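Inside the fold
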Amino acid sequence: MVKAIVGANWGDEGKGKITDMLGETSDIIVRFQGGANAGHTIINDYGKFALHTLPSGVFYDHTTSIIGNGVALNIPVLFKEIGEIVSQGVPKPKILVSDRAQIVMPYHILFDEYEEERLGKGSFGSTKSGIAPFYSDKYAKIGFQVNELFDGKVLKEKLVRICEMKNVLLEHLYHKPLLNPDELYETLMEYKEMVAPYVCDVSLFLHKAMKEQKTILLEGQLGSLKDPDHGIYPMVTSSSTLAAYGAIGAGIPPYEIKKIVTVVKAYSSAVGAGAFVSEIFGEEADELRKRGGDGGEFGATTGRPRRMGWFDVVASKYGCRMQGTTDVAFTVLDVLGYLEEIPVCVAYDIDGEITTDFPTTGDLERAKPVIEVLPGWKSDIRGITKYEELPENCRKYVEFVEEKIGYPITLISNGPGRHEIIRRGYTD
Ligand code: GDP
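Residue positions are given per chain, counted from 1 along the sequence in the order it is written. With the structure being a predicted model, the display of local features is reserved for residues of pLDDT at least 70 and the display and counting of side-chain atom pairs for 80 or more, all residues being used for whole-chain, interface and lining totals. Computation of side-chain values covers all heavy atoms of the structure but excludes hydrogens and water.

Strands belonging to one sheet form pairs held by backbone hydrogen bonds; the direction of such a pair is parallel or antiparallel. One open sheet holds the 3 strands; their spatial order is β12-β14-β13, and the pairing between them is antiparallel. For this open sheet the edge positions go to β12 (268-270) and β13 (279-280), each flanked by a neighbour on one side alone. Two strands qualify as a pair provided that DSSP identifies no fewer than 2 bridges between them. The helix and strand labels rest on DSSP assignments: H or I over at least four residues marks a helix, E over at least two residues marks a strand, and numbering proceeds from the N terminus. Of the strand pairs in this sheet, β12 and strand β14 (residues 307-309) are connected by 3 bridges, and their pairing is antiparallel. Counted as the bridge partner of S269 is M308 from β14. Lying over the sheet, helix α9 (residues 282-291) contacts β13 and β14, oriented at roughly 100° with respect to β14. Contact criterion: two residues are considered in contact whenever any of their non-hydrogen atoms come within 4.5 Å of each other. Where helices are involved, their axes are fitted lines through C-alpha atoms of the stretch in contact, as for all axes, and angles between N-to-C directions lie from 0 to 180°.

Right under this line is the structure:
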């Protein structure tokens, strides 16, 4: 059975923790999109880890971790991560890398930096991991698939051709040092050494695994609102964050994805620029940021403080719908335990019109939050394992959200640890 674990919001919903938890009963965990631009924070028996490229299943010795063809593969980052977890005592994971995955080139990272610098104030708030230039090249058909590393002659010729083109931009648009195809070739030969033991026809591997009834998790990065088609374009990421793309980015039939666990956060946070209707500021935001997640809401890759906001029904309902949610995993609920009252954004007011349907970007920029205030529960709910044992106002909050978004909350996460979870009808 194939399950996808994806985000409904702007990312950082706690997908890593849910994947790590569901990984316990899974055989294979696949990253199918994105790159090293966002991170998952995972806390388990080995310690605390920030993963950027590896799937969150690498901590089990019974799972195979896969980098699918849809990923922006940063080979040195992948190998640094493997080295780091092994040095912290985690058994060497079984890793497979798709022979069709494309490689983040050193110049993708440079172009990302140069473009943000050029845009100045109008920049996207990129993590400068090269993701946008990478996907631009992929679709302009000038990217490099992993399998191309193994044909030196063709590779060299292609590098010369691509450097010619890139150097025009470097010289005339960015006024930066030019690329040297020979140096790049040497770098790619180092990448080849690193990746060679792991390269595999991932789609075929998964096809066989499905025949053997293996449990496969597709682990998404970021969330629905960062999807390039259905998100807050242009303040989005460059590859699809939706479960549907899991089929393409892993190379499996769409009808094989039987379960879509959408991770929804009990309040909102976002990184980067773009409209954020339920955003809060000042002390109110600082307090939530400080208490949020595990040790505060700061980017796992960048350390940047995240933008904070109240739960947004409109965005989350839409986020769940675009994912095709079968189950909602509602996370970081414990964090709200300090509040006397909890504001929730239940609708948007766009030029006097009240709506609960998520609009396109232009209208979103003008939307104002319609707030409803729920009573808080003023207690620490960590350690509780049964839904009935949650305080009444906490259950009311969960049921309010469930009713408003229209998708069943079958998992509730009340702490960062692997086993801090309340099952509410979730079936494997
Ligand atoms: P991801 O990218 O969706 O995996 O999310 P991140 O890892 O960036 O952010 C989630 C943060 O919240 C991490 O620091 C997790 O350890 C933490 N976390 C996840 N679930 C919970 C929860 O239920 N309660 C608390 N307090 N922290 C959580």
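Taken together, 19 residues sit near the ligand, with K15, G16, H40, T41 and S413 positioned nearest. Within the side chain of D12, an N or O atom sits 3.0 Å from an oxygen atom of the ligand. Polar contacts, as used here, are pairs of N or O atoms within 3.5 Å; protein pairs need one atom able to donate a hydrogen and one able to accept it. Residues neighboring in sequence count only if both atoms are side-chain atoms. Taking E13, its main chain carries an N or O atom lying 3.1 Å from an oxygen atom of the ligand. Here the ligand loses 96% of its free accessible area of 580 Å² to cover by the protein chains. Of all the cavities here, the one that holds the ligand is the second largest pocket. At 3 residues, the largest contribution of residues to the shell around the ligand is made by helix α1 (residues 15-23). The class makeup of the residues in the shell around the ligand is 3 nonpolar, 9 polar and 7 charged. Residues are counted as near a molecule or strand when any one of their heavy atoms sits within 4 Å of it. We get accessible surface area from the Shrake-Rupley algorithm with a probe of 1.4 Å; when it comes to residues, only the shown protein chains can shield them. Whether a set of points on the 1 Å grid over the protein atoms alone is a cavity depends on a 1.4 Å probe fitting there but being unable to get out, while an open set qualifies as a pocket with protein on both sides within 12 Å along at least five of seven lines; lining residues are those with an atom within 4 Å of a point. Each molecule is checked against the cavity or pocket grid, and it sits inside if more than half of its atoms lie within 2 Å of the grid points. The classification used treats Ala, Val, Leu, Ile, Met, Phe, Trp, Tyr, Cys and Pro as nonpolar, Asp, Glu, Lys and Arg as charged, and all other residues, Gly among them, as polar.

Before going further, it helps to spend a moment on the UniProt feature "binding site: IMP" (unreviewed entry) in the protein chain. UniProt positions are given in the numbering used here, feature names are shortened, and annotations may be inferred rather than shown by experiment. Listed under "binding site: IMP" (unreviewed entry) in the UniProt record, and renumbered for this structure, are D12, E13, G14, K15, N37, A38, G39, H40, T127, K141, T237 and R304. Across 293 residues, the annotated set is spatially dispersed, with a maximum C-alpha separation of 33.8 Å. Looking only at the residues we just named, the largest pocket is lined by D12, N37, A38, G39, T127, T237 and R304. For D12, the position within the fold is in the loop between β1 (2-7) and α1. Excluding anything up to four places from it in sequence, D12 contacts G39, K265, S269, V271 and R306. Secondary-structure assignment places E13 in the loop between β1 and α1. Working definition: with a 1.4 Å probe on protein chains only, accessible area under 20% of the residue-type maximum means buried, over 50% means exposed, and in between means partly exposed. With relative accessibility at 1%, the residue E13 sits in the buried group. With sequence-adjacent residues up to four places away left out, E13 is seen in contact with G7, A8, L222, G223, V263, K265 and T331. At a separation of 2.9 Å, a polar atom in the side chain of E13 contacts the main-chain amide nitrogen of N9.

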